[in-house]
Amino acid sequence: MAILTDTIKKAKQVVQGYIPEPEINEIGEVIEVQGGVITIAGLKEAMMGEMLIFPHGLKGQVFNLEKERISCILFGDHSLIKQGDRVFRTNRVLEVPVGDELLGRIIDPLGNPLDGNPAPDFRYKRPIMLHAPEVIQRQPVHRPLFTGIKTIDAMIPLGKGQRELIIGDRRTGKTTLTIDTILNQKGKNVLCVYVAIGKRLSAITEMVDILKRYNAMAYSIIVSTSAEDSPAFLYLAPYSGCTIAEFFMNGGQDVLVIYDDLSKHAVAYRSLSLLMRRSPGRESYPGDIFYLHSRLLERSAQLSDDLGGGSMSALPIVETQEGDISAYIPTNIISITDGQIYLESNLFAKGFLPPINIGLSVSRVGGEAQTPIMKKVARRLRLDLAQYFELEDFARFSSELDVITSRQLEHGKRVLELTTQIQYQPLDISLEILAVFAATQGLIDHVPLHLVKQWEANLYQTAALEKADLLNELRKDKELDSRLEQEIKEFIRSFTEQFLQEKNVSN
Ligand SMILES: Nc1ncnc2c1ncn2[C@@H]1O[C@H](COP(=O)(O)OP(=O)(O)OP(=O)(O)O)[C@@H](O)[C@H]1O
Ligand SMILES: [Mg+2]
């Protein structure tokens, strides 16, 4: 009996270790090169998504299976490939290197370094196209993800594992908002993966410079593709970034991944699909364009505690044309994500930074993760701002305003001034609470408008120097009781009094 079990064991080992020799029909031949799309004959057994190897070590991915031929997208310079070239199967789906070695690096979607430093010794690789975690493997979003931007943390709060769309026209501060969010993760144990899809090279360099300047590269990875890269690379980039982030999430860590932007991703996929003669649908996009983005964004999750409790939050960006959020790609992605932050050029022009349209922006799950103190303090903010925008329109047409209206208008102006925040200055949640509290409680209504920003900066400095205990309290995940509320009020009152005295403003 022992001999039999031994033999079975050995036989199993042999079977498991058996790697089939490539058959002769496993070597294909290039029959057509069309942009980044290559048609190949002879690879009858090839799988969808399989990695193929071309001359010069170039890699490709099987994209279309037909009866006599297959099509594949090529990652690299297609002018190096010609008709008659031999193509080899690998029996493996496309993979990217993943792991800690990537932190601080700029890479292409296949993991090759683009920062001039040598490629690190990777220990792990992971298939690029994987299924999203099942429902049972997840838990609801319940921990806050702080952006450091007052408007967002107060009114559109995000949670770890959430997918929040950043949407707006050209040059409305979409990228800046995500950079601020990355900068705010310093010391918070959240790794960041930024995926640049078909951006200008200068824009990528600028962004890297900022991250370096604020020491944010140590916990960040940049997956970069520029406008000069082939559509195949652009198509691959977000999946690659997602796979890298997923590895960290599965290891129990929190990751933030930014896709900048998915409109360009959709366009790259459209051009690949058209080259493959897939039938075009609405706006010439292929029929599976919704699936393209849903299978990417579904991979973001807050994993269950059994699986380590890691999370992957996603901030996909979409560019609109003249504010049209009802176009095909925007509506698709709005329906996949857990909310959107809508940026508007006219608010930008008015100087309301970041130019978030509060009425159209929403976070569907983040409220559960918002700390109770912020939730209570921020309750009035949305109302105050909405009221101000309404009054402002009205006041433009009437020359005489009654006392109450003009007082409301003055209050609104200060609330707006205080919620405005310039780039690269993300704030700690405790300072955000102080600012929002002061604004909504009317504690700065007597501070001259032109001094509000200075008042704000001084308040933060004084609070950090003198009120460290109070700030610590405000960071906690607890209720705002009357004692704490009183303490905040007193601190802001006495600080304001002193500030106005120094500025020689009568109270
Ligand atoms: N909160 C802010 N404070 C000050 N300047 C800002 C702020 N947000 C954006 N900007 C400035 O506005 C300009 C456009 O910002 P950004 O590049 O982030 O916009 P975008 O929507 O990503 O643009 P694109 O459509 O080119 O991708 C930049 O010069 C940036 O510095
Ligand atoms: Mg941008």
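Residues numbered from 1 in each chain as written. Chains lettered and ligands numbered in written order. Predicted model: local features only at pLDDT ≥ 70, side-chain atom pairs only at ≥ 80, totals over all residues. Heavy atoms only, no water.

(A) Here's a closer look at the pairing of strand β7 (residues 95-98). What you see with β7 is no split at all: Glu-95 and Pro-97 on one side and Val-96 and Val-98 on the other are buried throughout. Pairing between β7 and strand β9 (residues 124-127): four bridges, direction antiparallel. Pairing of Pro-97 across the sheet is with Lys-125, part of β9. (Buried < 20%, exposed > 50% of the residue type's maximum accessible area, 1.4 Å probe, protein only. Helix = DSSP H or I, 4+ residues; strand = E, 2+ residues; numbered from the N terminus. Pairing = 2+ DSSP bridges.)

(B) Quick peek at helix α10 (residues 372-397). Here α10 is 26 residues long and its end C-alpha atoms lie 40 Å apart, about the 38 Å a rise of 1.5 Å per residue gives. The largest bend in α10 comes to about 35°, at Ala-378. Looking only at α10, the buried set comprises Ile-373, Met-374, Val-377, Ala-378, Leu-381, Asp-384, Leu-385, Tyr-388, Leu-391 and Ala-395. Where α10 is buried, its residues touch α2 (150-155), α11 (403-419), α12 (429-440), α14 (468-475) and α15 (482-502). (Expected span 1.5 Å × (residues − 1). Bend = angle between axes of the 7 residues up to and from the residue. Contact = heavy atoms within 4.5 Å.)

(C) Region of the structure containing the side chain of Arg-89. Note that Arg-89 resides in strand β6 (residues 86-93). In this structure the side chain of Arg-89 is engaged in a polar contact, spanning 3.3 Å, whose partner is the backbone oxygen of Glu-45. For Arg-89, the side chain forms a polar contact with the side chain of Asn-91, separated by 2.8 Å. Excluding anything up to four places from it in sequence, Arg-89 contacts Glu-26, Leu-43, Glu-45, Ala-46, Met-47, Glu-50, Met-51 and Leu-52. (Polar contact = N/O pair within 3.5 Å; in protein donor to acceptor, adjacent residues only side chain to side chain.)

(D) Seen up close, the packing of aromatic side chains. Evaluation of the coordinates by the stated rule reveals 14 aromatic pairs. Between the aromatic rings of Phe-63 and Tyr-269, the centroid separation amounts to 6.1 Å while the plane-to-plane angle is 65°, which identifies the pairing as edge-to-face. In this pair, Phe-63 sits in strand β4 (residues 59-65) while Tyr-269 sits in helix α6 (residues 262-275), placing the two residues 206 residues apart along the sequence. According to the relative accessible area criterion, Phe-63 is buried, its value standing at 4%. Ring geometry for Tyr-124 against Phe-247: centres 5.3 Å apart, planes inclined by 40°, an arrangement best described as tilted. (Phe/Tyr/Trp six-rings, centres within 6.5 Å; stacked < 30°, edge-to-face > 60°.)

(E) Expanded view of α14. Listing the buried residues of α14 in full gives Leu-470, Leu-471, Glu-473 and Leu-474. Angularly, the buried residues of α14 cover 155° about the axis, an arc narrow enough to put them on a single face. Buried residues in α14 make contact with α10, α12, α13 (452-466) and α15. (Arc of directions from axis to C-beta.)

(F) Here's a closer look at the site of ligand 1. Around ligand 1 sit 14 residues in total, of which Gly-173, Lys-174, Thr-175, Thr-176 and Gln-423 are the nearest. In this structure, an oxygen atom belonging to ligand 1 sits 2.9 Å away from a main-chain N or O atom of Gly-173. Between ligand 1 and Thr-176 there is a distance of 2.4 Å, counted from an oxygen atom to a side-chain nitrogen or oxygen. The element that contributes the greatest number of residues to the shell around ligand 1 is helix α3 (residues 174-183), accounting for three residues. (Near = heavy atom within 4 Å.)

(G) Examining the domain arrangement of the protein chain more closely. The assigned domain composition of the protein chain is domain 1 (24-95), domain 2 (103-115 + 138-370) and domain 3 (373-502). Placing a centre on the C-alpha atoms of domain 2 and another on those of domain 3 gives a separation of 30 Å. Each partner contributes residues to the interface: domain 2 has 27 residues there, and domain 3 has 26 residues. Here domain 2 meets domain 3 over a buried area of about 2,200 Å², counting both sides, of which 61% is carbon and sulfur. When the area that domain 2 buries against domain 3 is broken down by residue, the three leading residues are Lys-150, Met-155 and Phe-352, summing to 31%. Taken together, the connections running from domain 2 to domain 3 amount to two salt bridges. (Domains from an automatic or database assignment. Buried area = accessible area lost by both parts, 1.4 Å probe. Salt bridge = Lys/Arg side-chain N within 4 Å of Asp/Glu carboxyl O.)

(H) Structural context of the nonpolar core. If you look at the biggest cluster of nonpolar residues, it comprises 138 residues, and the most contacted ones within it are Tyr-259, Leu-434, Trp-455 and Ile-492. Look past the residues within four positions of Leu-434 in its chain and what remains in contact with it is Leu-459, Ala-463, Leu-471, Leu-474, Ile-488, Phe-491 and Ile-492. In this structure, Val-30, Ile-38, Val-62 and Leu-74 belong to the second largest nonpolar core, which totals 14 residues. (Core = buried A, V, L, I, M, F, W, Y, C linked by side-chain atoms within 4.5 Å.)

(I) The packing of helix α5 (residues 231-250) against helix α7 (residues 289-297), seen in detail. Interaxial distance between α5 and α7 falls to 10 Å at its minimum, and their mutual angle equals 20°. As summarised for this structure, α5 and α7 are arranged roughly parallel, according to the angle between their axes. Relative to α7, the crossing made by α5 is left-handed. Here α5 contributes Tyr-235, Pro-238, Tyr-239 and Cys-242 to the contact with α7, which in turn contributes Leu-292, Arg-295 and Leu-296. Residues that form the contact of α5 with α7 fall into these classes: six nonpolar, no polar and one charged. (Axes fitted to C-alpha atoms, helices over the stretch in contact; angles between N-to-C directions. Parallel < 35°, antiparallel > 145°, perpendicular 65-115°, else oblique. Left-handed = near helix turned anticlockwise from the far one by under 90°. Nonpolar A, V, L, I, M, F, W, Y, C, P; charged D, E, K, R; others polar.)

(J) Structural context of the environment of Val-436. In this fold, Val-436 is placed in helix α12. Sequence-wise, Val-436 and Val-377 are 59 residues apart; in three dimensions their C-alpha atoms are separated by 6.8 Å. Ignoring anything within four residues of it in the chain, the contact list for Val-436 reads Ala-154, Val-377, Ala-378 and Leu-381.

(K) Summary view of the UniProt feature "domain: ATPase F1/V1/A1 complex alpha/beta subunit nucleotide-binding" (unreviewed entry) in the protein chain. Per the UniProt record, the feature "domain: ATPase F1/V1/A1 complex alpha/beta subunit nucleotide-binding" (unreviewed entry) sits at residues 148-363. The span residues 148-363 carries 40% helix and 22% strand; its end-to-end C-alpha distance comes to 16 Å. (UniProt positions renumbered as here; feature names shortened; annotations may be inferred.)

(L) Quick look at the environment of Phe-348. In this structure, Phe-348 sits in helix α9 (residues 345-350). In this structure Phe-348 comes out as partly exposed when scored by relative accessible area, which is 37%. As a C-alpha pair, Phe-348 and Glu-45 span 303 residues in sequence and 55 Å in three-dimensional space. Each residue touching Phe-348, except ones within four places of it in the same chain, is listed here: Arg-171, Thr-172, Gly-173, Leu-353 and Pro-355.

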